[in-house]
Amino acid sequence: MPPAWNRTLVVHAHGGPELGEPKQARASDDLIRWSIWTRAGYAYAGTGYHEAGVAVHSAAADLERVRQLFVQEFGAPEHTILHGQSWGASVAAVAAETYATANGRGPYDAVLLTNGVLGGGSRSYDFRFDLRVVYQAVCGNHPRADEPAYPLWVGLPLTATLTRAQLATRVDECTGVRLDAARRTPQQQRNLDDILGVVAIPERSLIAHLNWGTWHFQDIVFKRLGGRNPFTNATVAYVGSHDDAALNTRVFRTSADSAARADFASDADPRGRIGVPVLTVHGVNDPTAFVELESVFRDTMRRGGSGEWLVQLFSNDDDHSYLSDAAYVTAMHELLQWVEQGNRPTPSMVASRCRVVAAAFAPEVGCRFLPEYTPRPLDARVRLR
């Protein structure tokens, strides 16, 4: 609770997701990371999610529980805003749909989604599967030749003992990614260029994405889908390496179990049925959640009949975890103006407002909104399947 509450509650859905046993520290850390809300006068309620792993509807239910706990303790706010960050943006979108009433509204007055993983299970993870198969075709050490073979779509067998540190060492062996470019061998540089050229991720996020394509895939396949395969690349032609023909000959191929893919989508895909204002903010150079995912979410909202409730904003940022205090305060102000007065914001309006807000919140950072920016279709970056 802030010292002087403005009677608006922000219910926060954190990213990740975390694996392993849920930890109290996650919720506590989020209180610090998102202190901008209480500094700006908003009450904050968050949850570490009671179920670890890639479980979207379970996490959405936790958001509704924590909202109810807040009301029991502090009384009903005038407005309640859902804020979802990263993977938590998909959680927040699903929560807004799940707990809406017949008219599309419900306990949440509006939704703010920042740097969101908004392609759902159907689209958000394809590029990480591409990374797994391309990395293995180039490097051949995940798994190594002397280790038991397994289909790459499982991420990692449940009996495997590989650690994140060991995987990072293997990536270094093949690509030298954590070395200065001058210290890499010519072969390491060629390998790195091939992987990044095909999968179109920045060098600094290679190890992180490979981690997610290993242990998150393990969670998805074994914990969510009973060992079934939701991934496919049977018809994907990989381009961008030094020798695409040779790469496509070596790359692991598979077709998804259609029921498994449908089950994953049923839990993880937003449906675009949100009958309240939705504002998205995305850094155009986000290295973790591609900005092109916003084009998928725009189409999802239109297909769900909620296109008029969506405004998308873009900023000249290259960090995934946090944009700027001024960006968040500005977005929330414009979202509440939409709720209270019916003033649907435009990107240029938001950019102008941010210059005023920045004077009070982090003036040294300023504002980086790009009012004219429109993201490419996701197909331009991740090959359709």
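Calculation rules
Residues numbered from 1 in each chain as written. Predicted model: local features only at pLDDT ≥ 70, side-chain atom pairs only at ≥ 80, totals over all residues. Heavy atoms only, no water. Core = buried A, V, L, I, M, F, W, Y, C linked by side-chain atoms within 4.5 Å. Buried < 20%, exposed > 50% of the residue type's maximum accessible area, 1.4 Å probe, protein only. Contact = heavy atoms within 4.5 Å. Helix = DSSP H or I, 4+ residues; strand = E, 2+ residues; numbered from the N terminus. Pairing = 2+ DSSP bridges. Disulfide = S-S within 2.5 Å. Expected span 1.5 Å × (residues − 1). Bend = angle between axes of the 7 residues up to and from the residue.

### A closer look at the nonpolar core
(1) Moving on: Ranked by size, the top nonpolar core spans 83 residues in total, and within it Leu63, Leu82, Val91 and Leu113 carry the most contacts.
(2) Moving on: In this view, Val91 contacts Ala13, Tyr49, Val56, Ala59, Ala60 and Leu63; residues no more than four positions away in its chain are not counted.
(3) Moving on: In this structure, Tyr328, Leu335, Cys354 and Ala358 belong to the second largest nonpolar core, which totals 30 residues.

### Observations regarding helix α12 (residues 293-303)
(1) Moving on: All buried positions along α12 are accounted for by Leu293, Glu294, Ser295, Val296, Phe297, Thr300 and Met301.
(2) Moving on: If you follow the buried residues of α12, they end up packed against α4 (87-98), β4 (110-114), α5 (120-123), β5 (278-283) and β6 (310-315).
(3) Moving on: Phi turns positive one or two residues past the end of α12, at Gly305, with a value near 85 degrees.

### Examining the pairing of strand β3 (residues 79-85)
(1) Moving on: Along β3, seven of the seven residues are buried, which leaves the element largely enclosed by surrounding structure.
(2) Moving on: The side-chain alternation of β3 yields two buried faces, one formed by His79, Ile81, His83 and Gln85 and the other by Thr80, Leu82 and Gly84.
(3) Moving on: For strand β1 (residues 8-13) and β3, the ladder comprises six bridges, and the chain directions are parallel. Residue pairing in the sheet places Leu9 in a bridge with Thr80 of β3.

### Some points on the state of the cysteines
(1) Moving on: Tallying each qualifying case throughout the model produces two disulfides.
(2) Moving on: Two residues share a disulfide in this structure: Cys139 and Cys174, whose sulfurs sit 1.9 Å from each other. Across the S-S bond of Cys139 and Cys174 the torsion is about -80 degrees, and the bridge reads as left-handed. On the criterion of sequence distance, the pair formed by Cys139 in helix α6 (residues 126-139) and Cys174 in helix α7 (residues 164-175) is long-range, its members being 35 residues apart. Both residues of the pair, Cys139 and Cys174, belong to the buried class.

### Considerations on helix α9 (residues 206-224)
(1) Moving on: With 19 residues, α9 ought to run about 27 Å at 1.5 Å a step, and its terminal C-alpha atoms sit 25 Å apart, in line with that.
(2) Moving on: Of all the bends found along α9, the most pronounced is centred on His216 and spans about 25 degrees.
(3) Moving on: Immediately beyond the C-terminal end of α9, within one or two residues, lies Gly226, with a positive phi of roughly 60 degrees.

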